[in-house]
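One letter stands for each residue in the lines below.
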Amino acid sequence: MNILITGGAGFIGSHLAERLVERGDSVSVIDDLSTGSVKNIQHLKPRPNFQYFVESVTNQRLMAELVDASDVIYHLAAAVGVRLIVESPTRTMETNIRGTEVVLELAAKKKKRVLITSTSEVYGKRTQVPFREDDDLILGSPDKGRWSYACSKAIDEFLALAYWKEKEVPTVVVRLFNTVGPRQTGSYGMVIPSLVRQALTGSEMTVYGNGAQARCFTHVSDAVRALIALAEHPETTGQIYNIGSVEEISILELAHKIKEMTGSNSPIVLVPYEEAYEQGFEDMMRRLPDLTKVARTIGYRPSFNLDRILQDIIKYHMGDLADARNQEHQKKLHAV
Ligand code: UDP
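Residues take numbers from 1 onward in each chain, read along the sequence in its written order. Two thresholds apply to this predicted model, a pLDDT of at least 70 for residue-level local features and 80 or more for giving and counting side-chain atom pairs, whereas whole-chain, interface and lining totals are computed over all residues. Neither water nor hydrogens contribute to the side-chain values; these are computed over all heavy atoms in the structure.

Asker: Any chance you could explain the overall build of the protein here in plain terms?
Answerer: Each helix and strand in the protein was counted, giving eleven helices and 13 strands. Throughout, the radius of gyration refers to the C-alpha atoms, and the reference size of a globule is 2.2 Å times the residue count to the power 0.38. Relative to a compact globule of 336 residues, whose C-alpha radius of gyration would be 20 Å, the protein shows 20 Å and is just as compact. In terms of its C-alpha atoms, the protein occupies a principal-axis envelope of roughly 55 × 55 × 40 Å. In the protein, which comprises 336 residues, the proportion classed as buried is 53%. By the convention used here, residues are in contact when the closest approach between their heavy atoms is within 4.5 Å. Taking the intrachain contacts of the protein between residues at least 6 apart in sequence as the baseline, contacts between residues at least 24 apart amount to 80%. A positive count includes Lys and Arg, and a negative count includes Asp and Glu. His and the chain ends are not counted in either. By convention, the point assigned to a charge is CZ for Arg, NZ for Lys, CD for Glu and CG for Asp. The protein carries 39 positive and 42 negative side-chain charges, and their two centres are separated by 3 Å. Counting from the N terminus, the helices are the DSSP runs of H or I reaching at least four residues and the strands are the DSSP runs of E reaching at least two. Summary of the burial criterion: residues with accessible area below 20% of their type's maximum are buried, those above 50% are exposed, and those between are partly exposed, where the area comes from a 1.4 Å probe applied to protein chains only.

Here is the structure:
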């Protein structure tokens, strides 16, 4: 199949591209490298069934060609990471809403299949867990920057479903819950890469708030497997699916676990939310998915438990830090 992945040089997009290239599909990636990195797809460059374009999804001309040449479009290009979102809410909304509009408008011409990735963040301040796809979304006030992300992604979902109902564009919406794994960077505030990196470098491990807030983490390879199965299943059109795991852990416990697994001496420190993000920042205490629908449709069950997820991520960051040290060493040798 001919596949287009927007945001394909990002953390999840690059794993998806890899899986589809391995399978023999012809994969095109478009990414403006705002949060993605060429490093993520470096290993795919020599493959004859892979090509990539460093461009924004809002470049209509290029996107028209790419959409036209593809059978399935995975739309992953988006502003991600709570810190980035709090710092640049305008960019968040423009990227997320305009990008999705372009993808859907172009897909509508020949009714191409589109998978739109959304986020568990859309459940907002719901306190009743687990979150089911048809639950009401409870979003916070617009004067709190964080909610611009949930709101823009909720609009993306409305757009995707409207294009199906009104224009018969076969769309499917997927809400990803805290997806983690190798290649995810802590630069935009994500908790596991941040804590692992801090533990491995002997820095303070920063737990925001009192650390009682809990999350369930999904390994990117489980998420990618589910994305492909949902995009290809005939009955998923016009539907919304959660993808995640139900192994819940508080962030404070998570920090202790990472500290123990890495054998680190780093102190664990509590950082008030207003220092970590902004004044009046609102977090969710729990974010637990109901996976009944996705299990029923594609037989999805996460295969990685938290221990294996963390082992994989720690190994990746140890390798990455060793590479960085080697490069530094080489530079010094050259300078002598
Ligand atoms: N968090 C933390 N320390 C960090 C980064 C994040 O304690 O260095 C917390 C964050 O406040 C949230 C949880 O970890 O409660 C998960 O954060 P992340 O940004 O990874 O994902 P979110 O669930 O907020 O989308």
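Next comes the rest of the account.
Asker: What is the right way to read the nonpolar core from this model?
Answerer: Looking at soluble globular proteins, one finds that nonpolar side chains tend to be buried together. Core analysis: the largest hydrophobic core is formed by 34 residues, its most contacted members being Ile5, Val27, Tyr74 and Ile243. The leading source of residues in this core is helix α7 (residues 220–232), at eight residues. Setting aside its immediate chain neighbours within four residues, Val27 contacts Ile3, Ile5, Ala17, Leu20, Val21, Asn49, Phe50 and Gln51. Among buried residues, those of type Ala, Val, Leu, Ile, Met, Phe, Trp, Tyr and Cys that are joined through side-chain atoms within 4.5 Å constitute a nonpolar core.

Asker: So what exactly am I meant to see when it comes to helix α8 (residues 251–262) here?
Answerer: Residues separated by three or four positions in an α-helix point in the same direction, a consequence of the helix having 3.6 residues per turn. Relative to the 16 Å expected for twelve residues at 1.5 Å per residue, α8 spans 16 Å between its end C-alpha atoms, a close match to the ideal helical length. Those residues of α8 not exposed but buried are Ile251, Leu254, Ala255, Ile258 and Thr262. Buried residues of α8, viewed axially, fall in a sector of 100°; they line one side. Next to the buried residues of α8 lie α6 (191–201), β8 (205–208), β9 (214–216), β12 (248–250), β13 (268–271) and α11 (306–335). For a helix, the expected span equals 1.5 Å multiplied by the number of residues minus one. Think of the arc as the fan of directions from the helix axis to the C-beta atoms.

Asker: Help me understand the pattern of salt bridges in this model?
Answerer: A side chain of one charge can pair with a side chain of the opposite charge when the charged atoms of the two come close. One speaks of a salt bridge when a side-chain nitrogen belonging to Lys or Arg is within 4 Å of a carboxyl oxygen belonging to Asp or Glu. One pass over the structure, following the stated rule, counts 23 salt bridges. With a shortest N-O distance of 2.6 Å, Glu121 and Arg146 are connected by a salt bridge. Here Glu121, found in the loop between β5 (113–119) and α5 (147–167), pairs with Arg146, found in the loop between β5 and α5; they are 25 residues apart in sequence, far enough to count as distant. In terms of burial, Glu121 and Arg146 fall into one category: buried. Residue Arg287 pairs with Glu121 through a salt bridge whose shortest N-O separation is 2.7 Å. A residue pair is termed long-range when its members are at least 10 positions apart, and Arg287 in the loop between α9 (273–276) and α10 (292–298) and Glu121 in the loop between β5 and α5 qualify at 166 residues. Across the pair, Glu121 and Arg287 agree in class, each one buried. Within the structure, one salt-bridge network assembled from shared partners comprises Glu121, Arg146, Arg215, Asp283 and Arg287.

Asker: Explain the site of the ligand here, please?
Answerer: As a matter of local geometry, the ligand sits amid 18 residues, with Thr206, Tyr208, Arg215, Asp283 and Arg287 nearest to it. Within 3.5 Å is the distance limit for a polar contact, defined as a pair of N or O atoms, with the added protein rule that one can donate a hydrogen and the other accept it, and that residues adjacent in sequence qualify only through two side-chain atoms. Residue Arg215 places a side-chain N or O atom 2.5 Å away from an oxygen atom belonging to the ligand. In the environment of the ligand, an oxygen atom lies 2.8 Å from a nitrogen or oxygen atom belonging to the side chain of Arg287. Relative to its unbound accessible area of 520 Å², the ligand is 94% covered by the protein chains. Here a residue counts as near a molecule or strand whenever at least one of its heavy atoms sits within 4 Å of it. Values of accessible area rely on a 1.4 Å probe in the Shrake-Rupley scheme; residue burial ignores everything except the protein chains shown.

Asker: Looking at this model, I keep getting lost on the packing of α6 against α8. Mind explaining?
Answerer: Helix-helix packing is described using two parameters, namely the angle between the two axes and the distance between the axes. Interaxial angle, 0 to 180 degrees, is taken between N-to-C directions of lines fitted to C-alpha atoms, where a helix line uses only the stretch in contact. At a closest axis distance of 10 Å, the pairing of α6 and α8 adopts a crossing angle of 40°. Considered as vectors, α6 and α8 are oriented oblique to each other. The crossing of α6 and α8 is right-handed. Together, Val191, Ile192, Leu195, Val196, Ala199 and Leu200 of α6 and Ile251, Leu254, Ala255, Ile258 and Thr262 of α8 make up the contact between the two elements. Polar here means any residue outside two lists: the nonpolar Ala, Val, Leu, Ile, Met, Phe, Trp, Tyr, Cys and Pro, and the charged Asp, Glu, Lys and Arg; Gly therefore counts as polar. Class assignment of the residues belonging to the contact of α6 with α8 gives a composition of ten nonpolar, one polar and no charged. Angle categories: roughly parallel below 35 degrees, roughly antiparallel above 145, roughly perpendicular from 65 to 115, and oblique for all the rest. Left-handed is the label given to a crossing in which the near helix is rotated counterclockwise from the far helix by less than a right angle, and right-handed is the label when the rotation is clockwise.

Asker: How should I be thinking about α7 in this particular structure?
Answerer: For α7, which comprises 13 residues, the first-to-last C-alpha distance of 18 Å matches the rise-based estimate of 18 Å (1.5 Å per residue) to within 8%. Burial analysis of α7 places ten of its 13 residues in the buried class, which makes it a mostly covered element. Those residues of α7 not exposed but buried are Val220, Ser221, Asp222, Ala223, Val224, Ala226, Leu227, Ile228, Leu230 and Ala231.

Asker: Even after reading the chapter, I still don't get the environment of Met190, so can you show me in this structure?
Answerer: Positionally, Met190 belongs in the loop between β7 (179–180) and α6. The partly exposed category is assigned to Met190, whose relative accessible area is 23%. As for Met190 and Val80, which are separated by 110 residues in sequence, their C-alpha atoms are 9.5 Å apart. Beyond its immediate stretch of four places on either side in the chain, Met190 contacts Val80, Gly81, Gln184 and Thr185.

Asker: What is the right way to read the side chain of His75 from this model?
Answerer: Turning to its location among the elements, His75 is positioned in strand β4 (residues 72–75). For His75, a relative accessible area of 1% corresponds to the buried category. Residue contacts for His75: discarding those within four places in its chain leaves Thr6, Gly99, Thr100, Val103, Leu115, Ile116 and Thr117.

Asker: Would you take a moment to explain the pairing of β13 for this structure?
Answerer: Looking down a regular strand, the side chains alternate between one sheet face and the other. Side chains of β13 alternate between two faces, with Val269 and Val271 buried and Ile268 and Leu270 left unburied. Two strands pair when backbone bridges link them, and β8 and β13 are joined in this way by four bridges, in the parallel orientation. What sits directly across from Thr206, in β13, is Val269. Pairing between two strands requires that DSSP report at least two bridges joining them.

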